[in-house]
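The chain contents come next:
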Amino acid sequence: MAAISNFKRAVPAGQQNVLSSLRTTQLVADSKAVLPAELINTILDYLPVVDMFRFAQTSRRMQEMVYDDTRWIQRLKSMGCWNEAEARQRFDEAMRRKADAQKASEARRTGFPPNGATDGPPRKVSTTLFDAGLEEEMQRKSVEPKVRPRASTLDKGFDDMALSPGGASPSALAYPTEPSLALKVLSRVRSTRGMARQEYGKVYGALAPYYFDLARSKSHSDPVLFRTYRDPEQQAHMLAQLKVFAKSDFAQGWSRREEKLDTMMGIFENAVLREFEQGSEARDFDGRMKKYAQVLVALNGGTAGIDSFIYNHPIMLDKEKLGNPADCLRLAGPGQISLQPSHDFFRGLAIALNEEAAIIDRVFPASVDVFQPFIERIVEDVVSEYVTSLFDEAHDVSVETYLKAVAGVFDQALQLVMSLTATKGSKSDFSDNAMLMISRCFEQHVDLYLQEELDFFKRQSGAEVEAWEKRLTEEEQTAESFFMSNVSRQAAKRDFLTSFKKVVMAPVNVLPTFGSSGAPKPATSAVAVNGQNLDPTSGSTTPNPERSVSPRPEAPTSELAAKAAIMNSRLEGIRSLFSIEVALSLTHTAKASLERAARFVRLGGQSGEEAKEQCESIFIKMLQILGGRHMKPGFDKAVSHLSDYKPREVVDHSKEGVAPLVAFLELVNVGDLIQQMIDVFYLQELVAAKLTDQDDFLSAACKEKKRFEQMLDERVAAGLNKGIDVLMDEVEYLCGTTQLPTDFNPPVGPNGSIQVLDIGPSHTAKRIVDVVSSHTNMLVGSTDKTVLDVFNQEVGLRLFTALCKHLKRQRISVDGAIKLISDMNAYNTYIVSLRNKSITQYFAALRELSQIYLIDPNHAKEIATIIADTDRYHGIFRAEEVYEYAERRADWYQIKGAVEKQMYGVGCVAM
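Cut-offs used in this document
Residues numbered from 1 in each chain as written. Predicted model: local features only at pLDDT ≥ 70, side-chain atom pairs only at ≥ 80, totals over all residues. Heavy atoms only, no water. Helix = DSSP H or I, 4+ residues; strand = E, 2+ residues; numbered from the N terminus. Buried < 20%, exposed > 50% of the residue type's maximum accessible area, 1.4 Å probe, protein only. Contact = heavy atoms within 4.5 Å. Areas by Shrake-Rupley, 256 points an atom, 1.4 Å probe, with all protein chains shown as cover. Axes fitted to C-alpha atoms, helices over the stretch in contact; angles between N-to-C directions. Parallel < 35°, antiparallel > 145°, perpendicular 65-115°, else oblique. Left-handed = near helix turned anticlockwise from the far one by under 90°. Expected span 1.5 Å × (residues − 1). Phe/Tyr/Trp six-rings, centres within 6.5 Å; stacked < 30°, edge-to-face > 60°. Lys NZ or Arg CZ within 6 Å of the ring centre and 35° of its normal. Salt bridge = Lys/Arg side-chain N within 4 Å of Asp/Glu carboxyl O. Nonpolar A, V, L, I, M, F, W, Y, C, P; charged D, E, K, R; others polar. Patch = residues over 30% accessible without salt bridge, like charges linked within 9 Å, V, L, I, M, F, W, Y side chains within 5 Å. pLDDT = per-residue confidence, 0-100. Core = buried A, V, L, I, M, F, W, Y, C linked by side-chain atoms within 4.5 Å. 1 Å grid on protein atoms, 1.4 Å probe; cavity = no way out; pocket = protein on both sides within 12 Å on 5 of 7 lines; lining within 4 Å. Points joined across faces, edges and corners; volume = space filled by probe spheres on them.

Further remarks concern the overall build of the chain. Scanning the chain for helices and strands turns up 35 helices and two strands. For the chain, the residues scored as buried account for 42% of the 911 residues in total. Restricting the contact set of the chain to residue pairs at least 6 apart, pairs at least 24 apart contribute 76%. Entry remark: accessible area of the chain is about 48600 Å², with carbon and sulfur atoms responsible for 52%.

Time to look at the packing of helix α29 (residues 763-778) against helix α30 (residues 785-808). It is at 11 Å that the axes of α29 and α30 come closest, and there the two elements cross at 160°. Viewed along their axes, α29 and α30 adopt a mutual orientation that is roughly antiparallel. Regarding α29 and α30, the two cross each other, and that crossing is right-handed. Touching Ile-768, Val-772 and Thr-776 of α29 are Leu-788, Phe-791, Asn-792, Val-795 and Leu-799, all from α30.

So, about helix α11 (residues 254-281). Counted at 1.5 Å a residue, the expected span for α11 with its 28 residues is 40 Å, and the 40 Å between its end C-alpha atoms agrees. Among the residues of α11, Arg-257, Leu-261, Met-264, Met-265, Phe-268, Glu-269, Val-272, Leu-273, Phe-276 and Gly-279 are the ones counted as buried. Lining the buried residues of α11 we find α8 (196-216), α9 (225-228), α10 (232-245), α12 (285-300), α13 (303-311) and α16 (340-363). Just beyond α11, the residue with positive phi is Arg-283, at close to 55°.

Further remarks concern unusual backbone geometry. With a phi close to 55°, Arg-283 is a non-glycine residue in the positive phi region. Within the secondary structure, Arg-283 is located in the loop between α11 and α12. The class for Arg-283 is partly exposed, based on a relative accessible area of 46%. Even without being a glycine, His-874 presents a positive backbone phi close to 60°. Secondary-structure assignment places His-874 in the loop between α33 (860-868) and α34 (879-886). Of the residues examined, His-874 reaches a relative accessible area of 43% and is grouped as partly exposed.

Within the structure shown, the criterion is met by 31 aromatic pairs. Pairwise contacts between aromatic rings join Phe-53, Tyr-67, Trp-72, Tyr-200, Tyr-204, Tyr-211, Phe-212 and Phe-245 into one cluster. Over the aromatic face of Phe-91 sits the side chain of Arg-193, whose NZ or CZ is 5.4 Å from the ring centroid. Sitting over the face of the ring of Tyr-67, Arg-197 holds its NZ or CZ atom 3.9 Å from the ring centroid.

Within the structure shown, the criterion is met by 35 salt bridges. Here Glu-880 ties to Arg-878 by a salt bridge, and the two come within 3.5 Å at their closest N and O atoms. Residue Glu-880 is classed as partly exposed on the basis of its relative accessible area of 44%. The network of salt bridges with shared partners includes Lys-243, Glu-258 and Asp-262.

At a minimum axis distance of 9 Å, the contact between α29 and helix α31 (residues 817-833) shows a crossing angle of 10°. Between α29 and α31, the crossing angle belongs to the class labelled roughly parallel. Along the contact surface, α29 presents Thr-764, Ala-765, Ile-768, Val-769, Val-772, Ser-773 and Thr-776, while α31 presents Asp-823, Ala-826, Tyr-827 and Tyr-830. Its residues assigned to classes, the contact of α29 with α31 comprises seven nonpolar, three polar and one charged.

Right, let's get into the environment of Met-418. Mapped onto the secondary structure, Met-418 falls in helix α18 (residues 399-419). The class of Met-418 is exposed, set by a relative accessible area of 54%.

Our focus in this paragraph is a nonpolar patch on the surface. On the surface, a nonpolar cluster with roughly 240 Å² of combined accessible area is contributed by Leu-35, Leu-39 and Ile-43. Structurally, the position occupied by Leu-35 is in the loop between β2 (27-32) and α1 (37-45). Judged by relative accessible area, which is 42%, Leu-35 ranks as partly exposed.

So, about the confidence of the model for the chain. Model confidence for the chain is summarised by a mean pLDDT of 78, while 75% of its residues fall at 70 or above. For the stretch residues 1-16, pLDDT sits under 50, and the model shows 21 contacts to residues farther than four places along the chain or on other chains. The low-confidence segment residues 159-175 (pLDDT under 50) makes 26 contacts with residues lying over four places distant or belonging to another chain.

Right, let's talk about the nonpolar core for a bit. In terms of nonpolar packing, the biggest core is built from 215 residues, with Phe-276, Phe-364 and Phe-877 touching the most fellow members. Looking at this core, the element that brings in the most residues is helix α19 (residues 430-483), giving 15 residues.

Take empty space enclosed by the protein next. Following the criterion strictly, the structure yields seven cavities of 30 Å³ or more and no others. Considering only enclosed or pocket space, the second largest cavity measures out at about 60 Å³ in volume. Along the walls of the second largest cavity sit Trp-468, Glu-469, Leu-472, Leu-577, Arg-629, His-630, Pro-633, Gly-634 and Lys-637, which together make up its complete lining. When contributions to the lining of the second largest cavity are tallied by element, the ones reaching two or more residues are α19 and α25 (605-643). Looking at which element gives the most residues to the lining of the second largest cavity, the answer is α25, with five residues. Here the lining of the second largest cavity is built from residues that sort into four nonpolar, two polar and three charged.

Within the secondary structure, Ser-762 sits in the loop between α28 (741-744) and α29. On the basis of relative accessibility, which here comes to 2%, the residue Ser-762 falls in the buried class. In this structure, the C-alpha to C-alpha distance between Ser-762 and Thr-738, residues 24 residues apart in sequence, is 9.6 Å. When neighbours within four sequence positions are excluded, Ser-762 is seen to be in contact with Gln-739, Asp-743, Lys-819 and Asp-823.

Within the secondary structure, Lys-861 is located in helix α33. Along the backbone, Lys-861 and Lys-901 are 40 residues apart, and their C-alpha atoms lie at a distance of 9.1 Å.

Rendered as structure tokens:
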């Protein structure tokens, strides 16, 4: 900024000669601005409004700087009266109207319609050379600036108000705005670009006189505001507007003026609050309470009134009347808890809160939410104190009582939230906020509760399994003591060799004598099963009842018989090595724990996630205890007991199936039932409740469930493997004890004829098929199809091996070959029913092999041909092996030479 000044000084008459040389002198001084424009602009921000307009009168550039629209937008923003979106919309609309006006003006000037429209005849344009009205208007405007004062630069909004609040007394101030209009001056501010100064001028003209007058006041009776407005609500509105207006005061001394305003508002608020509290004491809801509540809300949102209403409420002062937490323990039995007192507590609290909701609607305006802070205070001071005291006392009684108390009271607290009725001022998310308050009340107890819940389940489940194991061990020890009670150690030693020969070797004496025409003699002594007396000298054959049935049978008197009875008792006890009742008890305990813990998932956030993880941990711990500590040891014991089974020590084989193997298969069925029960539990209690994701293969619960199933499959496979050994031992025993020598080699009658009464399968073949099929059928539906196929395949191969060994011990005649072929057909029919193609060829080859015994001895050539035909046996038997089976013909020594001659002649085999 630069200014040029000319200085001319007049010279006195007596000094004209001296100053004659300066007469024509003209001093020219160039001056430059000392302060930069940016600094001047910053200084303007801290000037009072009156001084800003005085500064604007110094020059045009100062006026432009003061009238800059951004300066006044900043002041409107400081008061929260500027909406940029609204300003942008108004600007766009103004620009659009301006563009439309320009198009219309252009259309009028050219005579063509806007937008290039050509419809209708062209408009006639007249040219006026002289317009008297226009000339008169131009002359008037040229004269006005000469008589108009310069103070017009204040513009609308500032031109009619007193600009110097400090130069006049309060009574001399001008208040151009009507008092009724000043009450709503802030709400009428419009956000228009280019008009911010005018809009702020309206606010300044309406509020600045009261603001500066209040700042000069010495007492609460001095301000003109309280004399202009007599209604307390109007006074509150004006004070609230002055508080907002004070935010645009950046001039020196703003903090003192704002402090003075806050002091006046505090005095006014205290006076109104006293009236409100007096109305509350008088229960004048629709009178003084409602009136002064609206005044407090108009002043500053009503915070003081809301706080007074909450803190002085009877519920806060007499919260002991709602209930005593100790009643839940005192009214119940020892170690028990009754949740009826807590239910009454929450029910009474819900009734009281709903009554207060109705009162809040009557007293406070709908623009403020009083019910939510009221409930928040009730939860913090009343509910939290009640539940904390109850939980501490319950934990001192027992952990189970504590767990029931936490879960039950949390459920009742949620019922309290759902029973609350929202007020008119409540927000749309009132229920969610109330739930959040209750959640925060219980969050401090969640961590301890979840840990105690898991520990309690582990203790309860572990104790259940330990009690089962202890009871099982005691029963085994009791049975062993009972069986050994009548045994004399010295007598047992003296009689040991005799007992061993009679008892252990007894099955060997009943084996058939090959080539004998008579039946074997029955065994003279028997080793009993199922609890029968094993002493051959004892006449007692009392059967052993079930484990839980009394009275017990007579105890054996020999040590060997006692040990055999102990082994039999263990084999019978296979089916009780783990119990479905224990599994049910564990699942019920887990279900109760899950139902309690799952309630806290509704807390959401970190506490909700922790509750969900703890629910998975309970399920995982149940599987570990049920599988690792109960079922796995049971399967291992069952396999161990199966290994001790020796069918040759047992005489009573009249029952269907092998008793220990049947018991083990029943155990497998129980295990499968438990597994299905776990599947149902997993789907209903965890997946359906959304405590875990069934498709999440990384889920800890899902992985533990797979480990549990894998463990069962491995134990079942190990048991079935041992069961196959036991089953084949039984098959070999049946082959050796029930197959009569006359089955395949019938005796010759007195007249030289052979009588064949039955051409069907032998009794032995029927027994073997029944025994094997009964055991394989027991697995159908209880085990996986893959495991069942492998089991059937192994049984078929082992049965084939046993039959081959048995066939090599027989002597078979041509007449007895019919019985043998019938047996082989029976075996083959059974194997075909298994639908396992990998083993059908073995028994088809065995059936073909039995044909060599049916050929008449006179046809040695055919016998040699059948022996040499390896394709006939599907590659199962080699020619050398078929030759060995041919040697079991009863007439082999009669046809041996002819067969070998035929075989050597054709070069079939090299002997």
